[in-house]
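Chain residues, written in single-letter form:
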Amino acid sequence: MNVFRYLPTDNLRLSIGLLLILGLVAFWVLGGIFIDLDDANPISGAPSQAPSMKYWLGTDAQGRQMLPLMVAGVPITLRIGLIAGGLGVIAGTTLGFTAGYFRGWIDTVIRSASDVVLTIPALAVLVVVASTLSSGGLSANSMALIVALLSWMWPTRTIRAQVLSMRERSFVDMARLSGMGNYEIIVRELLPNLFPYLVASFVAAVAAAILAAIGLEALGLGPQNDPTLGMTIYWSMFYGAVLSGWWWWYAPPIVVLVWIFVALYMTSSGLDSWANPKLRRT
Amino acid sequence: MSLLLEAQNISKVFSSGGFGQQQKTVAVDRVTLNLSSDTGSIIALAGESGSGKTTLGRILLGLETPTEGKLLYKGKDLTKLGNQERKTFRREVQAIFQDPFSVYNPFYKIDHIFNVAIGKYNLASSKEEARHMVEEAIRAVGLRPEETLGRYPHQLSGGQRQRIIVARVFLLKPKVIIADEPVSMVDASLRATILEALRELHKTDNMSILYITHDLNTAYQVADNIMIMYRGNIVEAGDVEKVINHPEHPYTKLLVNSIPTPDPTKKWTNLSTLSTPPFRGTAIGQGMCKFVDRCSVAVEQCKTSDLPFYLTSDTRRTRCLLYEESSPVPVDAVLDY
Amino acid sequence: MAEIALKVRDLAVHFDTRVGTVRAVDGVDFDLFVGEKLGLVGESGSGKTTLALAIMRMIKSPGRVDKGSILLGDLDLLSMTNTEMRELRSSEISMVPQGAMNALNPVRKVGAQIIDGLMDHGRGGDKESMKSAVQDLLEQVDLDGEISDRYPHQLSGGMQQRVTIAMAISLGPKVIIADEPTSALDVVVQRNVMDTFERVQAATGTSVILVGHDMGLMAQFNDRIAVMYAGRIVEIAPVEEIFARPQHPYSKLLVSSLPHTRNKEVMKGIPGLPPSLVETINGCPFNPRCPYVMDKCLTQKPPQKETENNTKFACHLPIGSLS
């Protein structure tokens with residue numbers, strides 16, 4: 001398909017982004033092979049040790065070794081982002097297409113709903129929901145579902161806008177004159193054209209979901225027993241790591257998070273160029 | 001002569017704006033016209049932008065629903081057709097659109113427009129037969145399959161793309177073609193080729209063509225009959241040579257005179273010799289001649305009455321008081337083609 | 001000998017692209033006389049818009065002027081600095097663009113935009129004199145003075161185009177380049193706008209280059225017409241000559257493919273496609289499509305010829321062979 005020609009060769013941001021993601025995956029996979037992940041549990045090493053030859057990234061106040069902790073935390077954080085972002089984009093695509101293609105009252109309902117929910121401060125709602133439900137302790141998957149609740153609005157709006165303009169194009173009329181019905185037009189004609197845009201939306205949604213999850217976790221509302229990056233930061237604050245000078249506790253998760261966000265942003269920006277030829281820099 | 005499409009008193013009103021500030025635009029105002037199969041004529045529908053000609057074309061194609069009036073296909077109301085009948089309607093009434101680029105889905109190769117139609121209408125029983133049909137259609141419009149099939153739209157020129165749309169119509173063999181400005185976005189040297197291809201189609205397969213345009217020159221060359229549309233109304237209709245060489249309605253006269261003739265010895269008449277319209281600035285609405293604010297020979301009655309057509313000859317009708325000696329024909333009387 | 005307003009010699013504009021160097025304008029020579037209306041006709045890809053932009057020195061990378069000279073009176077436009085050129089643009093040589101909607105600032109009133117132009121070129125003054133200058137200009141283009149207080153979107157297409165004409169003449173330039181100024185307008189409005197443009201031109205005596213592809217419009221407006229093909233001017237002649245006695249095969253085909261509302265006949269197009277401008281063209285660029293092609297057309301560049309009626313054309317055929 002012609003659009004794939006434009007991938008990485010001309011697109012610096014996309015190349016960098018994908019490279020960074022690749023690095024992340026390599027960290028996770030290779031780490032899983034070479035490092036014993038049990039060392040990420042408490043009391044697997046002496047507590048509060050600075051980085052040394054024995055503990056490459058040191059240990060936290062509860063004896064978790066930092067390097068295994070990072071290797072174990074990355075996939076969980078990514079999983080939360082992927083589930084929440086994925087659900088958000090799937091919901092957004094369905095709602096956006098329905099609203100944008102069929103218009104009329106269904107469009108008014110969906111549009112008003114997304115506009116109203118967009119104005120609600122997401123983090124505040126998430127905090128309320130999470131703290132109500134987490135009395136017994138949240139699992140990572142529940143977190144993902146909670147974050148997904150508030151990640152559908154932006155994809156709905158942007159996809160709706162794309163569909164609105166696309167349905168006016170003559171090839172939609174042409175498809176109708178060739179005997180296609182509405183649903184077939186949506187799936188065969190419109191969806192493939194929006195594919196690059198949907199992928200870009202997805203990556204952006206994942207980044208937003210991870211950010212929301214980190215926010216919740218840093219407030220202590222995350223899964224208590226899973227070594228996610230956000231929870232690590234929470235524990236480091238809880239145990240006063242900054243004041244005690246245990247930089248190896250909070251620095252690694254921050255570095256990894258920055259890496260994740262730069263990777264996701266670059267990829268999303270590069271995908272935007274791919275999706276929207278006007279943004280291309282040739 | 002079997003009636004294929006009957007537009008009965010069709011009007012289309014667009015309303016825009018939100019709560020309380022609704023603005024209504026009357027795009028099509030009570031147009032009645034019939035298109036029959038097997039007489040196969042080429043009718044031009046001419047007008048400027050805002051005349052409603054594209055909207056009327058879309059209504060005839062079933063892509064827009066009229067606000068008032070009915071569209072009948074083979075005697076049955078379009079909205080009441082069964083699934084199978086609707087499919088036949090879709091196949092028999094085809095279109096050629098203006099923009100040779102946006103008619104193609106950029107995701108697919110150009111083969112897609114043929115394959116979808118062949119698939120949905122079961123036109124071929126095997127892949128070889130389908131391929132054969134497509135190649136034949138492409139050759140029929142003067143292109144070579146090796147140079148066009150398997151390519152993406154942006155790899156072909158505008159002229160080639162438009163010809164392929166004509167090839168698609170050739171393949172489908174519809175009864176009626178609605179061609180909306182098929183050559184206005186194509187280079188001058190290619191226009192004649194494409195229009196000639198359309199004329200050939202009409203001759204060999206006897207299809208009726210509704211040629212929507214603002215270019216009276218090509219309308220003259222291509223069509224047998226012409227309807228002049230102004231602000232939603234058909235103001236004059238008749239034989240194309242007579243209407244263009246001897247226009248009756250003041251708007252038709254204005255239109256014909258405004259065309260720049262490619263003959264430097266016949267210059268445009270000096271505009272300052274034309275008299276100012278007496279009712280300039282009048283607000284245009286229903287119940288009056290819509291041309292009254294620009295017409296230099298308008299009289300009071302033009303502002304207050306909803307004019308009928310006047311039959312100035314067997315085949316000519318004009319909606320202007322200048323011809324009130326001729327027999328009047330009501331506006332919803334059928335225009336038969 | 002009429003005075004020459006603009007002299008273009010051997011002008012070439014090349015675009016450096018990944019597929020090669022595109023010769024959009026490939027060696028163009030012509031003179032524009034004072035007070036003359038010259039039509040520049042060609043199809044898409046002929047180079048006419050590139051030529052117009054090159055004259056205004058508005059070619060942007062990856063395009064560049066490869067060689068040639070453009071003389072506006074005594075001024076060598078190609079050797080001017082950017083600052084000097086900015087001064088000249090609008091005051092000595094100005095443009096009426098194709099889509100007025102794109103040229104007018106949607107958030108400023110029309111009168112203010114005209115004043116902006118005047119002030120940018122040091123023709124400012126006190127409020128009163130500026131206002132009356134604007135009123136004057138608007139009247140010249142048949143617009144009511146009160147238009148100056150309106151925003152572009154409140155005007156019709158024809159009125160917007162008239163405003164751009166007013167802006168083009170506001171500084172009294174010697175040359176106006178109009179790039180398809182009416183292609184977005186309906187035929188009736190087009191006639192009115194061109195009528196205005198013609199009267200303005202007659203009153204100010206400015207030379208005009210009208211770029212377009214509508215031969216009818218060209219016939220009605222211009223004194224001379226230059227026909228472009230594949231980046232070269234193939235024929236340049238007085239307007240009556242081009243239509244009555246075209247000398248170059250392309251001009252002839254162009255004229256004969258025009259539909260006339262006089263007799264219905266089989267419509268003929270020009271078969272084939274214009275050549276790729278990337279490959280070097282040997283001989284005459286029209287040779288694959290020319291019905292009169294000879295052997296030497298494939299290898300030798302056609303010589304410039306001139307008829308006694310002031311038609312200049314580049315072809316291997318002898319003068320008068322096409323009549």
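We now turn to the structure provided with this report. (Residues numbered from 1 in each chain as written. Chains lettered and ligands numbered in written order. Predicted model: local features only at pLDDT ≥ 70, side-chain atom pairs only at ≥ 80, totals over all residues. Heavy atoms only, no water.)

1. With respect to the interface of chain A and chain B
Counting residues at the interface gives 19 residues for chain A, matched by 25 residues for chain B. With both sides pooled, the region where chain A packs onto chain B buries about 2,100 Å², and carbon together with sulfur makes up 55% of that total. There are two salt bridges connecting chain A and chain B. Measuring nitrogen to oxygen at the nearest pair gives 2.6 Å for the salt bridge that ties Glu184(A) to Lys120(B). In this assembly, chain A and chain B are joined by 13 residue pairs in polar contact (both at pLDDT 80 or more). Those elements giving two or more residues to the side of chain A that touches chain B turn out to be helix H7 (170-177) and helix H8 (182-218) of chain A. With six residues, H7(A) is the single largest residue contributor to the side of chain A that touches chain B. Class assignment of the residues belonging to the side of chain A that touches chain B gives a composition of seven nonpolar, five polar and seven charged. (Contact = heavy atoms within 4.5 Å. Buried area = accessible area lost by both parts, 1.4 Å probe. Salt bridge = Lys/Arg side-chain N within 4 Å of Asp/Glu carboxyl O. Polar contact = N/O pair within 3.5 Å; in protein donor to acceptor, adjacent residues only side chain to side chain. Helix = DSSP H or I, 4+ residues; strand = E, 2+ residues; numbered from the N terminus. Nonpolar A, V, L, I, M, F, W, Y, C, P; charged D, E, K, R; others polar.)

2. Comments concerning the environment of Arg161(B)
Residues and elements named next belong to chain B. Counting through the fold element by element, Arg161 comes out in helix H6 (residues 158-172). Taking the relative accessible area as the measure of exposure, Arg161 reaches 11% and is therefore buried. Separated by 60 residues in the primary sequence, Arg161 and Phe101 have C-alpha atoms spaced 7.3 Å apart. Here Arg161 is in contact with Pro100, Phe101, Tyr104, Pro153, His154 and Leu156, once residues within four sequence places are set aside. (Buried < 20%, exposed > 50% of the residue type's maximum accessible area, 1.4 Å probe, protein only.)

3. Some details on empty space enclosed by the protein
All names here are of chain B. The final tally for this structure, using the stated rule, is six cavities of 30 Å³ or more. Volume-wise, the largest cavity comes out at about 90 Å³. Around the largest cavity sit Tyr230, Asn233, Val235, His249, Met288, Cys289, Lys290, Phe291, Asp306, Leu307 and Arg319, which together line it. Residue composition of the lining of the largest cavity, grouped by class: six nonpolar, two polar and three charged. (1 Å grid on protein atoms, 1.4 Å probe; cavity = no way out; pocket = protein on both sides within 12 Å on 5 of 7 lines; lining within 4 Å. Points joined across faces, edges and corners; volume = space filled by probe spheres on them.)

4. Quick look at the pairing of strand E9 (residues 224-229) of chain C
Residue and element names in this part refer to chain C. When you tally the buried positions in E9, you get six out of six residues, the bulk of the element. Of the pairings in the sheet, the one linking strand E3 (residues 37-41) to E9 comprises four bridges and is parallel in character. From the neighbouring strand, Leu40 faces E9, where its bridge partner is Ala226. Following E9, the chain reverses through two residues before pairing antiparallel with strand E10 (residues 232-238); Ala230 in that reversal takes a positive phi of roughly 50 degrees. (Pairing = 2+ DSSP bridges.)

5. Here we look at the pairing of strand E4 (residues 63-72) of chain C
All names here are of chain C. Pairing analysis gives eight bridges linking strand E1 (residues 4-17) to E4, with the strands arranged antiparallel. Paired with Leu6 across the strands is Leu72, a residue of E4. Hairpin geometry of E4 and strand E5 (residues 75-76) is characterised by an intervening segment of two residues between the two adjacent antiparallel strands and by a positive phi of about 65 degrees at Gly73.

6. What about the pattern of salt bridges?
Counting across every chain of the model gives 42 salt bridges over all chains. For the salt bridge of Asp107(A) with Arg160(A), the shortest nitrogen-to-oxygen distance reads 2.7 Å. Taken as a pair, Asp107(A) in helix H3 (residues 104-119) and Arg160(A) in helix H6 (residues 153-166) lie far apart in primary sequence, 53 residues in all. Of the charged contacts, one joins Arg319(B) and Asp306(B) as a salt bridge, the two residues approaching to 3.4 Å between their closest N and O atoms.

7. A few points about helix H5 (residues 127-140) of chain C
Residues and elements named next belong to chain C. Across its 14 residues, H5 extends 20 Å between first and last C-alpha, which sits within 8% of the 20 Å expected from 1.5 Å per residue. Where H5 is concerned, the buried positions are Met130, Val134, Leu137 and Leu138. Each buried residue of H5 sits inside an arc of 100 degrees when the element is viewed along its axis, so together they form one side. With respect to the buried face of H5, the exposed residues turned more than 90 degrees away are Glu128 and Glu139. Residues of H5 that are buried in the fold lie against helix H4 (110-120) and helix H6 (157-169). Two or three places before Glu128, at the opening of H5, Asp126 has a side-chain oxygen 3.1 Å from that residue's backbone nitrogen. One or two positions beyond H5, positive phi appears at Asp142, with a value near 60 degrees. (Expected span 1.5 Å × (residues − 1). Arc of directions from axis to C-beta.)

8. Examining the packing of aromatic side chains
The final tally for this structure, using the stated rule, is 19 aromatic pairs over all chains. Note on Trp235(A) and Tyr239(A): the rings are 6.3 Å apart at their centroids and 40 degrees apart in plane angle, and the pair reads as tilted. For Trp235(A), a relative accessible area of 15% corresponds to the buried category. With a relative accessible area of 32%, Tyr239(A) lands in the partly exposed category. Consider the rings of Tyr230(B) and Phe291(B), whose centres lie 5.2 Å apart with planes at 90 degrees: the pair is edge-to-face. Of this pair, Tyr230(B) sits in strand E9 (residues 225-230) while Phe291(B) sits in the loop between helix H10 (250-258) and helix H11 (300-304); the two residues are 61 residues apart in sequence, bridging distant segments of the chain. Relative accessible area serves as the criterion here: at 5%, Tyr230(B) is assigned to the buried category. Grouped by ring-pair contacts, the aromatic residues Tyr234(A), Trp235(A), Phe238(A), Tyr239(A), Trp246(A) and Trp249(A) constitute a single cluster. The positively charged end of Lys173(B) is found above the aromatic ring belonging to Phe170(B), 3.8 Å away from the centroid. (Phe/Tyr/Trp six-rings, centres within 6.5 Å; stacked < 30°, edge-to-face > 60°. Lys NZ or Arg CZ within 6 Å of the ring centre and 35° of its normal.)

9. Examining the sheet that holds strand E11 (residues 304-306) of chain C
Residues and elements named next belong to chain C. In spatial order, the strands read E6-E7-E8-E3-E9-E10-E12-E11; together these eight strands make up an open sheet with mixed pairing. Taken across any chain shown, the strands that pair with only one partner, and hence form the sheet edges, are strand E6 (93-96) and E11. Along the sheet, successive strands turn relative to each other by an average axial angle of 20 degrees, direction set aside. The strands touched by helix H1 (residues 48-55) within the sheet are E3, E6, strand E7 (175-179), strand E8 (207-212) and E9, with E8 carrying the most contacts at an inclination of about 150 degrees. Sitting on the sheet, helix H7 (residues 187-204) touches E3, E7 and E8, and the angle it makes with E8 is about 155 degrees. (Axes fitted to C-alpha atoms, helices over the stretch in contact; angles between N-to-C directions.)

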